[in-house]
Amino acid sequence: MGYQQYGISPQLVDRIKLKMKNPAVKERVKNMITGISKQELQDTAVVRKLVRNASSVMHEKLTSAQEEQIVKFVIAQKIDPGNTFHLIRLWGMFR
């Protein structure tokens, strides 16, 4: 899987996937990223803030190394939230 190449553990991903099944958590994270642009998802400061906010909502304590790995992973994906194919690819990565 792609995220493992960035040092992100499958256990962390599994915990987050489980937490995202909670409708309240999912809605808060969804509201956080609504309206975000492709350019913003290439900005380290913006992505870092999103990662910190999302981890706070999920009560997931990230080390600075884990946070950095996630930020680098998100930026490397070059996600365009307006492109359905990008979203499908991401969904497939974390099914």
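Reference entry: report on the structure contained in this document. (Residues numbered from 1 in each chain as written. Predicted model: local features only at pLDDT ≥ 70, side-chain atom pairs only at ≥ 80, totals over all residues. Heavy atoms only, no water.)

1. Side note on the environment of Ile 33
Part 1 of the argument: Relative to the assigned elements, Ile 33 resides in helix H2 (residues 23-33).
Part 2 of the argument: Along the chain, Ile 33 and Glu 60 lie 27 residues apart, while their C-alpha atoms are 18 Å from each other. (Helix = DSSP H or I, 4+ residues; strand = E, 2+ residues; numbered from the N terminus.)

2. Considering helix H4 (residues 64-76)
One turn of an α-helix holds 3.6 residues; hence residues three or four places apart share an orientation.
Part 1 of the argument: Taking 1.5 Å as the rise per residue, H4 with 13 residues should run 18 Å; its terminal C-alpha atoms sit 18 Å apart, in good agreement.
Part 2 of the argument: When we look at burial in H4, the residues that qualify are Glu 67, Ile 70, Val 71, Phe 73, Val 74 and Ile 75. (Expected span 1.5 Å × (residues − 1). Buried < 20%, exposed > 50% of the residue type's maximum accessible area, 1.4 Å probe, protein only.)

3. A few points about the pattern of salt bridges
Part 1 of the argument: By the definition in use, this model includes five salt bridges.
Part 2 of the argument: Glu 60 is the partner of Arg 15 in a salt bridge, and the nearest nitrogen-oxygen pair spans 2.6 Å. Of this pair, Arg 15 sits in helix H1 (residues 10-20) while Glu 60 sits in the loop between helix H3 (44-57) and H4, and the two are 45 residues apart along the sequence.
Part 3 of the argument: In this structure Glu 60 comes out as buried when scored by relative accessible area, which is 8%. (Salt bridge = Lys/Arg side-chain N within 4 Å of Asp/Glu carboxyl O.)

4. Some details on the nonpolar core
Part 1 of the argument: Ile 8, Leu 41, Val 47, Ile 70, Phe 73 and Val 74 are the most contacted members of the largest nonpolar core, which totals 17 residues.
Part 2 of the argument: For this core, the elements supplying multiple residues, two or more each, are H1, H3, H4 and helix H5 (84-93).
Part 3 of the argument: Here this core takes five residues from H4, the largest share from any one element.
Part 4 of the argument: With residues up to four places along the chain from it excluded, the contact list for Ile 70 reads Ile 8, Leu 12, Val 51 and Leu 62.
Part 5 of the argument: Counting five residues, the second largest nonpolar core, distinct from the first, contains Val 25, Val 29, Ala 54 and Met 58. (Core = buried A, V, L, I, M, F, W, Y, C linked by side-chain atoms within 4.5 Å. Contact = heavy atoms within 4.5 Å.)

5. What to know about the side chain of Ser 55
Part 1 of the argument: With respect to the secondary-structure elements, Ser 55 resides in helix H3.
Part 2 of the argument: For Ser 55, the side chain forms a polar contact with the main-chain oxygen of Arg 52, separated by 3.0 Å.
Part 3 of the argument: Setting aside its immediate chain neighbours within four residues, Ser 55 contacts Glu 60 and Leu 62. (Polar contact = N/O pair within 3.5 Å; in protein donor to acceptor, adjacent residues only side chain to side chain.)

6. Let's talk about the packing of aromatic side chains
Pairs of aromatic rings are described using the distance from one ring centre to the other and the angle between the two planes.
Part 1 of the argument: If you walk through the whole model with that rule in mind, you get one aromatic pair.
Part 2 of the argument: With centroids separated by 5.5 Å and ring planes inclined at 75°, the aromatic side chains of Tyr 6 and Phe 73 adopt a geometry described as edge-to-face. Pair noted here: Tyr 6 is in the segment before H1 and Phe 73 is in helix H4, with a separation of 67 residues, a long-range link.
Part 3 of the argument: On the basis of relative accessible area, Tyr 6 is assigned to the partly exposed category, the value being 29%.
Part 4 of the argument: Taking relative accessible area as the criterion, Phe 73 reaches 6% and is therefore assigned buried. (Phe/Tyr/Trp six-rings, centres within 6.5 Å; stacked < 30°, edge-to-face > 60°.)

The analysis is restricted to geometry; functional conclusions fall outside its scope.
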